[in-house]
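An overview of the molecular structure
The chain contents come next:
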Amino acid sequence: MNDIIILAIESSCDETSVAVIKNGREILSNIIYSQIGIHKKFGGVVPEIASRRHIDKIDLIVEQSLEQSKLKLEDMDAIAVTYGPGLVGALLVGVSYSKALAYGLQKPLIPVNHIDGHIAANYLAFSDLKPPYIALIVSGGHTHIVDVTDYGKYIVLGRTRDDAVGEAYDKVARTLGFGYPGGPFIDEAAKLGNPNAINFPRSYLEEGSYDFSFSGIKSAVLNYLNSAKMKGIEINKNDVAASFQEAIMDVLINKIIKASLEFNHDKIIIAGGVAANSRLRERLKEEAKKHHLEVLYPPLSLCTDNAAMIGSAAYYQFKNEKFANLELNAVPNLKL
Ligand code: KG4
Ligand code: ZN
């Protein structure tokens, strides 16, 4: 069979990224331009700034990605793009650009769900990985437990009812006066703190539910900090970070292990920005071992937003001819 080469574009949030992917598994190039430096001073992503920056950068990033892959636009078999979920203005830059490219080249256009991309990051990292397996997707915008029955086929077992895990990390980090994005700062601070110092609430919801809720713990941390301040008690930020993180991990790990056992999977994959968290990796591996389950997670560079993962997911859609026409629009609330 001929090789399938896909040019993939990701612009759903604050990374402008373009990748060239061979047969869904091999990264020929993956250029990521991160705007974090720009949004940092606002303590979060400013949508209008993000869209404008994507427009400024996208041409250059496509050029650099092709250069690194040593291929030309004409060598591409298809153009893939993230069309949701994400910030509408940011998504529209990638979607419009990709439509123009696909039309100009007369190649198929592949619409990719960003969350599907996060899962597919594992296909780039593990050449033998095949469905079925169970996936925990934890990012700044999403928290899902998903039964992956085939490539691009999912049964969503649970999702967050309010904040995403990464969102809770970022908000707590902001209250503690850490930088943005807050996840990596909490991860580091927690290594120096006592995870049992403060007993923050663990929200398991109804018996048997695989849904999550993180707004309660976020408020609990805020209340703790406010009341300590009022009483003049000194706050140990490392202890707060470690105790917050431990409460989150207890819930995440409990649910993903339960789901793997209930749905008879022996493999767990984790995906999304929070999959970079060192405590999650350490504790999940430990727990999984007790139940003879295997845990896979992509390297750090493929955990956060990138176009390579979009190109991998797109390959499996290419095989099933799941293409879009030029009416493709951005869908900010796209579900898995
Ligand atoms: O997947 P991602 O790059 O963007 C979304 O699609 O949301 O995830 C970004 C999120 C941020 O909330 C960030 O704080 C979090 O991932 N994150 C982490 C770590 N590294 C990134 N959270 C906890 N620990 C980390 N080491
Ligand atoms: Zn993401």
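Not measured: the values here are computed from a predicted model.

**Some points on the overall build of the protein chain**
When you go through the protein chain residue by residue, the secondary structure sums to 11 helices and 10 strands. At 20 Å, the protein chain has a C-alpha radius of gyration in line with the 20 Å of a compact globule built from 336 residues. Principal-axis analysis of the C-alpha atoms gives the protein chain an extent of 65 × 45 × 30 Å. Expressed as a percentage of its 336 residues, the buried residues of the protein chain come to 54%. For the protein chain, contacts bridging at least 24 residues in sequence account for 73% of all contacts bridging at least 6. On the protein chain, roughly 14800 Å² of surface is accessible, and the fraction owed to carbon and sulfur atoms is 51%. Of the side-chain charges in the protein chain, 35 are positive and 39 negative, and the distance between the mean point of each set is 3 Å.

**Quick notes on the domain arrangement of the protein chain**
Looking at the assigned domains, one finds that the protein chain contains domain 1 (5-120 + 303-319) and domain 2 (130-300). The C-alpha centroid of domain 2 is placed 27 Å from the C-alpha centroid of domain 1. Each partner contributes to the interface: domain 1 provides 15 residues, whereas domain 2 provides 21 residues. Between domain 1 and domain 2 the total buried area reaches about 1500 Å² when both faces are included, carbon and sulfur atoms providing 68% of it. Linking domain 1 with domain 2 are zero salt bridges, by the criterion used here. The interface formed by domain 1 and domain 2 contains six residue pairs in polar contact (both at pLDDT 80 or more). If one sorts the elements of the side of domain 1 that touches domain 2 by residue count, helix α4 (residues 114-125) sits on top with four residues.

**Digging into the coordination of the zinc ion (ligand 2)**
In a perfect tetrahedron of four donors around a metal, the angles come out at 109.5 degrees. In a perfect octahedron of six, they are 90 or 180 degrees. The protein atoms that coordinate the zinc ion (ligand 2) are H114 (NE2), H118 (NE2) and D305 (OD), at distances of 2.0 to 2.1 Å. One can describe the site at the zinc ion (ligand 2) as irregular: its four donor atoms subtend angles covering 93 to 139° at the metal. When the donors of the zinc ion (ligand 2) are listed by position in the chain, the intervening gaps give H-x3-H-x186-D. Remark: D305 occurs in the loop between α10 (300-303) and α11 (308-319) and H114 occurs in helix α4; sequence separation between them is 191 residues. Just as H114 is buried, D305 falls in that class too.

**Remarks on the state of the cysteines**
Tallying each qualifying case throughout the model produces zero disulfides. No disulfide involves C13; its nearest neighbouring cysteine sulfur is the one of C303, lying 16 Å away. Under the relative-accessibility criterion, C303 is labelled buried at 0%.

**With respect to the site of ligand 1**
Taken together, 20 residues are adjacent to ligand 1, and G140, D170, G183, D187 and N277 come closest. Interatomic distance of 3.0 Å between a backbone N/O atom of G273 and an oxygen atom of ligand 1. Residue D305 places a main-chain N or O atom 3.2 Å away from an oxygen atom belonging to ligand 1. Considering ligand 1 on its own, with 560 Å² of exposed area, one finds that the protein chains cover 89% of that surface. Judged by the fraction of its atoms near the pocket grid, ligand 1 is located in the largest pocket. Elements with a minimum of two residues in the shell around ligand 1: α4, α5 (165-175) and α6 (183-191). Split by residue class, the shell around ligand 1 holds five nonpolar, 12 polar and three charged.

**Section: the pairing of strand β6 (residues 133-138)**
Along β6, six of the six residues are buried, which leaves the element largely enclosed by surrounding structure. For β6 and strand β7 (residues 143-150), the ladder comprises six bridges, and the chain directions are antiparallel. Bridging across to β7, I137 finds its partner in H144. In this structure, the hairpin formed by β6 and β7 is closed by a connection of four residues. Two strands pair when backbone bridges link them, and β6 and strand β9 (residues 267-271) are joined in this way by four bridges, in the parallel orientation. Directly across from L136, in β9, lies its bridge partner I270.

Quick notes on the rules
Residues numbered from 1 in each chain as written. Chains lettered and ligands numbered in written order. Predicted model: local features only at pLDDT ≥ 70, side-chain atom pairs only at ≥ 80, totals over all residues. Heavy atoms only, no water. Helix = DSSP H or I, 4+ residues; strand = E, 2+ residues; numbered from the N terminus. Rg over C-alpha atoms; globule rule 2.2 N^0.38 Å. Buried < 20%, exposed > 50% of the residue type's maximum accessible area, 1.4 Å probe, protein only. Contact = heavy atoms within 4.5 Å. Areas by Shrake-Rupley, 256 points an atom, 1.4 Å probe, with all protein chains shown as cover. Lys, Arg positive; Asp, Glu negative; His and termini not counted. Charge placed at Lys NZ, Arg CZ, Asp CG, Glu CD. Domains from an automatic or database assignment. Buried area = accessible area lost by both parts, 1.4 Å probe. Salt bridge = Lys/Arg side-chain N within 4 Å of Asp/Glu carboxyl O. Polar contact = N/O pair within 3.5 Å; in protein donor to acceptor, adjacent residues only side chain to side chain. Donors = N, O, S within 2.8 Å, 3.2 Å for Na, K, Ca; no water. Tetrahedral: all angles 85-135°; square planar, octahedral: opposite > 155°, others 65-115°. Disulfide = S-S within 2.5 Å. Near = heavy atom within 4 Å. 1 Å grid on protein atoms, 1.4 Å probe; cavity = no way out; pocket = protein on both sides within 12 Å on 5 of 7 lines; lining within 4 Å. Sits in = over half its atoms within 2 Å of the grid points. Nonpolar A, V, L, I, M, F, W, Y, C, P; charged D, E, K, R; others polar. Pairing = 2+ DSSP bridges.

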